[in-house]
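# Coordinates in review
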Amino acid sequence: MSADQRENHVPDVRLIERWLPIAALGVESVRERTPMTPFPAPNRLHVWWARRPLVASRAAVLASLLPADADREKFLHAIGIHGDPVAARHAIDHARRTGVRVKNPYGYDRAFGYSLNSGDREWVQSSLQKGTECLTVLDPTAGGGSVPFETARAGFAPLANDLNPVAALILEATVDWPSVFPNDMDPEFNQLAIEWRKTTEERLCAFFLQNDLPDRIDLTYLWARTITCPYCEGLVPLSPNWRLAPGGTGVRLKPELGTGPGSENRVCSFEIVEAANEQSDGTVARGAGTCPYPDCGRVIDGDEIKRQAQVGRMGEQLYAVVFKKRVIKILKSGKRGKDRWVRGYRAPRPEDDNSAKIAAKLAEKLPEWEAFDIVPSEKIPDGNKTTEPQRYGMNSWRDLFSPRQFLCHGTSVEVFREMLDADRTNGTIDEVRRAAYGYLALTLDTLLNYNNRAGRWDSTTGRVRSIFDRHDFAFVWSYAEMAPLVTGVGYDWAIQKTAKCIDELVTLVRPDAAGAPADLFTPSETSYTPPPIAITCKPGDSLDHIEDDSIDAVVMDPPYYDNVMYAELSDFFYVWLKRTAGHVFPELFRSHLTDKDNEAVANQARFKGQKGAKALAGRDYQERMASIFAECRRVLKPEGIMTLMFTHKATGAWDALTKGLMEAGFVITASWPINTEAEGSLHIKKKAAAKSTIFLVCRPRPSAAGSGAGADARVGAGAGADAMVQDASASYGEDPATIYWEDVEPVVAQAARSRVGEFQDAGITGVDLYLASFGPALEEFSRHWPVRRGTPRERPVEHRRRRQKELFADEWDPYAATPEDALDVARREGKRWRLEQLPDLKANAGLDAPTAFFVLAWDAFRAPAFSYDEALRLARAVGVDLDREIVNRLAQKKGQTLYLWDSAHRAAKGTLGPTDGSRGMIDAIHHAAHLARSRSLQAARERLADSGVDGDPQFFASLEAVLEVLPVSKAFTGIEIEGDIESAGDDFEALLNLARLAYREQIDEPKQLKLWRDDAA
Ligand SMILES: C[S@@+](CC[C@H](N)C(=O)[O-])C[C@H]1O[C@@H](n2cnc3c(N)ncnc32)[C@H](O)[C@@H]1O
């Protein structure tokens, strides 16, 4: 089959295989989650980790179904982009730098809020040419539900599945109930919630004394965990700092010394101070404590703190109470105006301590609660993220709550269950009421999320941070407890939040029911029929409710290798939900805890004690993803399409995912990077992080055609290259069907290289640019898979080392070509391309390997610190030995992070190297920077002249490249930079001044400086 024939053979090409407005989607994705504006209702309803932006999800769904020639303007309209978000973003960046505000730069609301109007829906239907058929979109790992939610909003039928019951409940509450009960949901929930709150309050009010009512109301209690000093026996309250608010308000510890070390009653009391220098120092840092009693003051080893915690000797002490105070305003007329409430802080009082009363109540309640299974009794299982609470003696899920928090939550469940029982007895439970109970269970989860022993007091914002501020169970030394009965706080707040979410969800998914604007209906429509929604809770590789060849598109956002341990984290909620929602939806909550065994994540903890646990976890992820993909392939129509979202900095994760895809019989036909967390392109930070998600578009590889048959399914520019590869492979004289890596590599390189510029123009920069080039490289590689090597590869050093060899579970096959080979090529091409972008002619003169490493590391990571693994890959691409030529010369390795040094660090460490640049021009450059900073520009100039490099074109090429990548200092931008970055910025300033003084002829002004100037103009 010729290339042309093959092209014609392609049945239908979809929009996403040709085009996606990646720059606009990047801006809108970021805009969706701008901190100063409310997040979309699905994000606020309940925690779920690693949610995808709604606008990107809708674009993925629509573009996966619409034909390639669909009208692009209409597409943008349908996804809510009604202006030029990229220009708006530039205007905002510019305003930020110049301090001149721009009014409403976007000119339209955030895209996700827009619901398709009748014109959009008619256009979609006519473009699809499917008549009235409702197309189906499967998301087998749907999590918090961005994809199915947007599928339903676009008028297609979502099939949403997740292994995790907590996610499945969230899916019901986000996608299904608002769509099915749009008018009944809010009133039903509110009625239920008011009753729940009232009864709970009656049972709990005795435990929250408010002695200063009505003019002062306690809102938050701040507690420090305590241990006993092993040297002086004083009770030590542990907190990394004692700040309460910005501007100096904080706590001073007043230690009671008694008769000296060893005496009884050595405790601290607390006072509130208003100046930062009056606050006490923190009593814990990096896991070790410091005794605050001045006659002791010893350091308490971290192991001792853990030991006390594990034997149950860690306690807690109230150190401050946050309150609000009424301020009465008297108007000029003499009448009383509207009261104002201001926040204040007070020290604890003796009457605040009602722990004996709480203990007595719990002692009375617990036997009953345990008998009726009202409160969790499950132990925290061993896991990847659960070691931290266990290390500090918290072995059971209930240990994550203080006694009073536990009493509150237990009482909430007790009342929930009594109401449900009463409804059942009275026969007043129907589908709407069941759903309302579901929302009530999620409301209690909101309280759990914010009222536990891991909720931090954020002194900058004056708010409590939830336990899942991070994606783990990090131990928190001092925590905040809610006063949950205060009007507008606690129960009130949680209930209002859920009610508001329900209201907004209905508006988004059923705008017809929420007072639709007139243009929502076509003249022929009298009412809107929402699409059918199917939600399941199964392993994604066992979707036995879905028939073969029945799904139009799969759009999925699978777990990203080892990024989030969903099951481990969600147990925090599961153990409570099974006692609330589990009595309404028992089919979801039958298991003891959430399913870790079937979860598709690379979780080393599951292989604890086995040789090569890390490699085994990676292999397990790959196999599970392959079998989920195989299931997707089974249910997908032959002409169907699968779009998946993925990102990870580690090549191993990409390798596992792509192998999984190809093993399941998919070929990648297109790829798009979406910058989901973009900052201004000149943004710099301390540690490198990836910000983009890559959309990989896949098609089933026709099974009959055998290897290399992906050519039949594929579309686009690679077709000719494919024919070339196949022809060439025949020349090896072996099995003519075998495709050889040696033939494929140049095509992969070409594919990666051809798109880098396009991605950069779309605002993808730094490390994300390298990730973005993975897509086209994998596309090309997957078209030819399986690929073999004609000549064997030498075994990598790490495979040869005995101890490490055991870590590699796979048999070493010197003829195997893997996706990782394609990724190496992509990285190499990215590196070449970026180097060429740096001052043209001189860079072509060539940089030596250490200098090229330095330049490309700053260019890619835009930070002095980045992962050692990434550094290794960059070193490989540049051709430098990382451990020998970089570490301890130009950089330091700490754990799994590499820290690049600036000239001052290198001088202090005595690692500046030969001044003549014989080991690398970066040495000569750093010598000059150091002298310019510490002595004078003239001294630097003389040193360069003495060493003879100031006549070397390679020196100038290197200096120009370095000036193009180092962070621009405050002197040129007016923007403060800190720490190691500031020091690198000082190098920039010194070198630029030197270049201006001495080498005007040889060195151009850095382009990046021009960018800043243009921006500020
Ligand atoms: C990245 S999240 C999906 C997030 C979602 N797109 C959103 O925006 O909220 C991946 C999901 O895969 C689920 N998952 C993991 N292993 C699974 C399996 N074997 N079958 C089905 N779902 C699985 C996890 O529970 C998690 O919710």
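Bear in mind the structure is a predicted one, so any value in this text is a computation, not a measurement.

## Topic: the environment of Glu 195
Within the secondary structure, Glu 195 is located in helix 10 (residues 185-204). In this structure Glu 195 comes out as partly exposed when scored by relative accessible area, which is 35%. Considering only alpha carbons, one finds Glu 195 and Met 419, 224 residues apart in sequence, at a separation of 8.7 Å.

## A look at the pattern of salt bridges
Following the criterion strictly, the structure yields 73 salt bridges and no others. A salt bridge links Arg 634 to Glu 631; its shortest N-O distance comes to 2.9 Å. Here the residue Arg 634 and the residue Glu 631 both occupy positions in helix 18 (residues 613-635), the gap between them amounting to three residues, near one helical turn. For Glu 631, a relative accessible area of 10% corresponds to the buried category. The shortest N-O distance in the salt bridge between Glu 1005 and Arg 996 comes to 2.9 Å. Glu 1005 gets classed as partly exposed once you look at its relative accessible area, which sits at 39%.

## Describing the packing of aromatic side chains
Going through the model one piece at a time under the given rule, you end up with 36 aromatic pairs. For the ring pair Trp 48 and Tyr 566, a centre distance of 5.8 Å and an interplane angle of 15° mean the geometry is stacked. With Trp 48 in the loop between helix 3 (41-45) and helix 4 (54-65) and Tyr 566 in helix 17 (residues 566-577), the pair connects residues that are 518 residues apart, well separated along the chain. You can call Trp 48 buried: its relative accessible area is 8%. The class of Tyr 566 is buried, set by a relative accessible area of 12%. When the centroid spacing of 5.1 Å and the interplanar angle of 85° are considered together, the rings of Phe 572 and Phe 573 count as edge-to-face. Here Phe 572 falls in the buried class, since its relative accessible area comes to 1%.

## Let's talk about the sheet that holds strand 8 (residues 288-290)
The strand order across the open sheet formed by three strands is 7-8-9, and the pairing between neighbours is antiparallel. Two strands lie at the open edges of the sheet, namely strand 7 (284-285) and strand 9 (299-300), each paired on one side alone. Relative to strand 9, strand 8 runs antiparallel, the two sharing two bridges. Across the sheet, the residue bridging to Gly 289 is Ile 300, located in strand 9.

## Let's talk about the sheet that holds strand 24 (residues 897-900)
Here three strands make up an open sheet; going across it, the order is 22-24-23 and the pairing antiparallel. Both outer strands of the open sheet, strand 22 (865-867) and strand 23 (891-894), are each paired with one neighbouring strand and no more. Mean inter-strand twist for the sheet, computed between neighbouring axes without regard to direction, equals 25°. Examined bridge by bridge, strand 23 and strand 24 share four bridges and lie antiparallel to one another. Looking at strand 24, one finds that Gln 892 is bridged to Tyr 899. Here helix 28 (residues 849-861) sits on the sheet and contacts strand 22 and strand 24; the angle it forms with strand 24, its principal contact strand, is near 110°. Against the sheet, helix 29 (residues 868-878) touches strand 22, strand 23 and strand 24, its axis set at about 85° to strand 22.

## Quick look at the site of the ligand
Residues in contact with the ligand amount to 26 residues; listed here are only the nearest, Gly 144, Ser 146, Asp 162, Gly 540 and Asp 557. Gly 145 has a polar backbone atom sitting 3.5 Å from an oxygen atom of the ligand. For the ligand, whose unbound accessible area comes to 600 Å², protein coverage reaches 99%. A majority-of-atoms criterion places the ligand in the largest cavity. Of the residues assigned to the shell around the ligand, the class counts are eleven nonpolar, nine polar and six charged.

## Things to note about empty space enclosed by the protein
Counted according to the given criterion, the structure contains eight cavities of 30 Å³ or more. Counted as a void, the largest cavity has a volume near 400 Å³. Forming the walls of the largest cavity are 34 residues, and the residues nearest its centre are Thr 141, Ala 142, Gly 143, Asp 162 and Pro 559. When contributions to the lining of the largest cavity are tallied by element, the ones reaching two or more residues are helix 8 (146-153), helix 17 and helix 18. Sorting elements by how many residues they give to the lining of the largest cavity places helix 8 first, with three residues. By residue class, the composition of the lining of the largest cavity is 15 nonpolar, nine polar and ten charged.

## Let's talk about the side chain of Asn 43
Of note, Asn 43 is situated in helix 3. Asn 43 has contacts with Arg 33 and Arg 51, leaving out every residue within four places of it along the chain.

## Observations regarding helix 11 (residues 302-310)
Every α-helical turn comprises 3.6 residues, leaving residues that sit three or four positions apart pointing alike. Along helix 11, the residues classified as buried are Gly 302, Glu 304, Ile 305, Gln 308 and Ala 309. Seen from one end, helix 11 has its buried residues packed into an arc of 165°, which puts them on one side. Regarding helix 11, its N-cap is Asp 301, as a side-chain oxygen of that residue lies 3.0 Å from the backbone nitrogen of Asp 303 further along. Where helix 11 ends, the next residue or the one after it, Gly 312, has phi of about 80°, a positive value.

## As for unusual backbone geometry
In this structure, the amide linkage connecting Leu 213 to the following residue, Pro 214, adopts the cis form with an omega of 5°. Note that Pro 214 resides in the loop between helix 10 and strand 3 (216-228). The omega angle of the peptide bond from Trp 785 to Pro 786 is 0°, so this bond is cis rather than trans. Within the element layout of this structure, Pro 786 appears in the loop between helix 23 (766-784) and strand 21 (787-788). Despite not being glycine, Arg 862 shows a phi value in the positive range, around 50°. With respect to the helices, strands and loops of the structure, Arg 862 is situated in the loop between helix 28 and strand 22.

## Quick notes on helix 15 (residues 431-450)
Taking 1.5 Å per residue, 20 residues should reach 28 Å; helix 15 reaches 29 Å between its end C-alpha atoms and fits that length. Taking burial as the measure, the 20 residues of helix 15 include 17 buried ones, the bulk of the element. Measuring from the side-chain oxygen of the N-cap residue of helix 15 to the backbone nitrogen of Val 432 gives 3.3 Å; that N-cap residue is Asp 430.

## Some remarks on the environment of Leu 616
Checked against the element boundaries, Leu 616 lands in helix 18. Take Leu 616: its relative accessible area is 21%, and that puts it in the partly exposed class. When the C-alpha positions of Leu 616 and Ala 602 are compared, they lie 8.4 Å apart, and in sequence the two are 14 residues distant.

## Points about the nonpolar core
Across soluble globular proteins, nonpolar side chains have a tendency to be buried as a group. In terms of nonpolar packing, the biggest core is built from 134 residues, with Trp 196 and Phe 572 touching the most fellow members. The element contributing the most residues to this core is helix 15, with eleven residues. With near-sequence residues (within four places) excluded, Trp 196 lies in contact with Ser 412, Val 415, Phe 416, Met 419, Leu 440, Thr 443, Leu 444, Leu 447, Tyr 491 and Ile 495. With 105 residues, the next largest nonpolar core counts Val 55, Trp 741, Phe 781 and Leu 823 among its residues.

## With respect to the pairing of strand 14 (residues 478-482)
Most of strand 14 sits inside the fold, with five of its five residues counted as buried. The two faces of strand 14 match: Ser 478, Ala 480 and Met 482 on one face and Tyr 479 and Glu 481 on the other face are all buried. As paired elements, strand 3 and strand 14 share five bridges and run antiparallel to each other. From the neighbouring strand, Trp 223 faces strand 14, where its bridge partner is Tyr 479.

## A closer look at the confidence of the model for the chain
Interpretation of this model should avoid reading the predicted coordinates in detail wherever pLDDT is low. Per-chain confidence: the chain averages 88 in pLDDT, with 89% of residues scoring 70 or above. Segment residues 1-10: pLDDT under 50, and 19 contacts once partners within four positions in sequence are set aside and those in other chains are kept. Every residue in residues 704-733 is under pLDDT 50, and counting partners more than four places away or in other chains gives 69 contacts.

## Comments concerning the packing of helix 9 (residues 165-180) against helix 15
Look at helix 9 against helix 15: their axes get within 10 Å of each other, and the N-to-C directions meet at 135°. The angle between helix 9 and helix 15 places the two elements in the oblique class. Where helix 9 crosses over helix 15, the handedness of that crossing is left-handed. When helix 9 is examined against helix 15, the residues Leu 169, Ala 173, Trp 177 and Pro 178 are found in contact with a partner set consisting of Ala 435, Gly 438, Tyr 439 and Leu 442. Across the contact of helix 9 with helix 15, the residue classes tally to seven nonpolar, one polar and no charged.

How each quantity is defined
Residues numbered from 1 in each chain as written. Predicted model: local features only at pLDDT ≥ 70, side-chain atom pairs only at ≥ 80, totals over all residues. Heavy atoms only, no water. Helix = DSSP H or I, 4+ residues; strand = E, 2+ residues; numbered from the N terminus. Buried < 20%, exposed > 50% of the residue type's maximum accessible area, 1.4 Å probe, protein only. Salt bridge = Lys/Arg side-chain N within 4 Å of Asp/Glu carboxyl O. Phe/Tyr/Trp six-rings, centres within 6.5 Å; stacked < 30°, edge-to-face > 60°. Pairing = 2+ DSSP bridges. Axes fitted to C-alpha atoms, helices over the stretch in contact; angles between N-to-C directions. Contact = heavy atoms within 4.5 Å. Near = heavy atom within 4 Å. Polar contact = N/O pair within 3.5 Å; in protein donor to acceptor, adjacent residues only side chain to side chain. Areas by Shrake-Rupley, 256 points an atom, 1.4 Å probe, with all protein chains shown as cover. 1 Å grid on protein atoms, 1.4 Å probe; cavity = no way out; pocket = protein on both sides within 12 Å on 5 of 7 lines; lining within 4 Å. Sits in = over half its atoms within 2 Å of the grid points. Nonpolar A, V, L, I, M, F, W, Y, C, P; charged D, E, K, R; others polar. Points joined across faces, edges and corners; volume = space filled by probe spheres on them. Arc of directions from axis to C-beta. Expected span 1.5 Å × (residues − 1). Core = buried A, V, L, I, M, F, W, Y, C linked by side-chain atoms within 4.5 Å. pLDDT = per-residue confidence, 0-100. Parallel < 35°, antiparallel > 145°, perpendicular 65-115°, else oblique. Left-handed = near helix turned anticlockwise from the far one by under 90°.

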